[in-house]
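Geometric and topological summary
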Amino acid sequence: MSKLDLSVNIGGGLILDNPITTASGTFSPRESGEFYDLSELGAMITKGIANIPWEGNPTPRIAETYGGMINAVGLQNPGVDYFIEHELPYAKQFGAKVIANVAGRSIEDYCEVVEKLSETNVDALEVNISCPNVKKGGIGFGVQCGLAGSVVREVKRVSKKPIIIKLSPNVTDITEIAKAVEAEGADAISLINTLLGMKIDVHRMRPVVANKMGGFSGPAIKPVAVRMVYQVRRAVNVPIIGLGGIMTGEDVAEFILAGADAVSIGTAALINPTAPVDIKNEFIAYMNQYGFKNLAELRAALQE
């Protein structure tokens, strides 16, 4: 039997040994590495990194809900300088590619982080354009084509690394945003970020998270994510990293059939810390079951 080839080019010449990556916000090399060998990942995508330390939102910040969870952590992070000095050297020792997720409240914030990370041995940058633009009254960068495109244009100008743009699903037409960021030079697209959700405690008569609303993730959002990957695949030519509710190897196959080149595992790893490698092994079993030799064969197998 031919050897299974799981390698994939996710843009800018960045080739992963396999399509399994970690979703930003749910992964820490030090903590996650206690449960599995990080070298088994195609790439580790870090928690969001800002130009200065962010404290995040008031607690409580996380709540379980039917089919998923609500989080309003607020991108708490120690800042880019701390990441470069303390976290990046640790992550790089495992051999898997390291993709740094970038957060910002202005285009200048994004560019400052991208410039600093471009001088390191990080492999690529995933820019989270779901952040609120403080100069535009808090509107998310990723909900308007003009704002999304402007972020990509400016970070591409200062970056020496491949740029992956992480899109918000909280828009009317995801394909228009995807086309806007591709036009400005995005090397790849990551979708979807969390949906905006809310949960109210009916006994205490108050929202369960202090921020009132938060990001809704988990298996309940998978059909939305698959639909958006499918739509975006038919609108742009750049590679796509699909995520949103992936819990099994068959979920990975579903995203790739929809048009994803790679996937990210997020909420599943908060339920089961070894989920990324468990899901990878299930996906390998799926590929062998149906006789696929590589990801391109699987992606081309969708019958429409």
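In the block above lies the structure referred to throughout.
Everything in this summary refers to the structure shown in the same document. From a predicted model like this one, the values you see are computed outputs, not experimental measurements.

Each value, and the rule that gives it
Here the residue index of a chain counts from 1 through its sequence in written order. Where totals are concerned, whole chains, interfaces and linings use all residues; where local detail is concerned, this predicted model gives features only for residues with pLDDT of at least 70, and gives and counts side-chain atom pairs only at 80 or more. Hydrogens and waters are ignored; side-chain quantities use all the structure's heavy atoms. For every residue, the accessible area (1.4 Å probe, protein chains only) is compared with the maximum for its type, and the residue is labelled buried under 20%, exposed over 50%, or partly exposed between those bounds. Starting at the N terminus, helices and strands are each numbered in turn, a helix being any DSSP run of H or I of at least four residues and a strand any DSSP run of E of at least two. Here a residue-residue contact requires only that any non-hydrogen atoms of the pair lie within 4.5 Å. Definition of a polar contact: a pair of N or O atoms within 3.5 Å, with one able to donate and the other able to accept a hydrogen when the atoms are protein atoms, and with sequence-neighbouring residues admitted only if both atoms are side-chain atoms. Under the convention used throughout, the expected extent of a helix is 1.5 Å for every residue step, that is, one less than its residue count. Planes of paired rings set the category: under 30 degrees apart is stacked, over 60 is edge-to-face and the rest tilted, where pairs are Phe, Tyr or Trp rings (Trp by its six-membered ring) whose centres lie within 6.5 Å. Sitting over a ring, as applied to charges here, requires NZ of Lys or CZ of Arg to be within 6 Å of the ring centre and within 35 degrees of the ring normal.

On to helix α7 (residues 249-258). Among the 10 residues in α7, seven count as buried, and that is most of the element. Residues of α7 that are buried include every one of Gly249, Asp251, Val252, Ala253, Phe255, Ile256 and Ala258, and no others. For α7, the elements touching its buried residues are β3 (20-22), α6 (222-233), β17 (240-242), β18 (262-265), α9 (275-290) and α10 (295-299). You can read the cap of α7 off the contacts: a side-chain oxygen lies 3.3 Å from the backbone nitrogen of Glu250, and it is on Thr248. Just downstream of α7, Gly259 is the residue with a positive phi angle, here 130 degrees.

Taking 1.5 Å of rise per residue, 14 residues should cover 20 Å, and helix α4 (residues 145-158) covers 21 Å from first to last C-alpha, within 8% of that figure. Leu147, Ala148, Gly149, Ser150, Val151, Val152, Val155 and Val158 are the residues of α4 that are buried.

Let us now look at the packing of aromatic side chains. By the definition in use, this model includes four aromatic pairs. Ring centres 6.5 Å apart and planes at 10 degrees place the aromatic pair Phe283 and Tyr286 in the stacked group. Placement of the pair is Phe283 and Tyr286 together in helix α9, with a separation of three residues, close to one helical turn. Among the aromatic side chains, those forming a connected cluster through ring pairs are Phe283, Tyr286 and Tyr290. For Arg105, the ring lying beneath its charged end belongs to Trp54, and the centroid distance is 3.8 Å.

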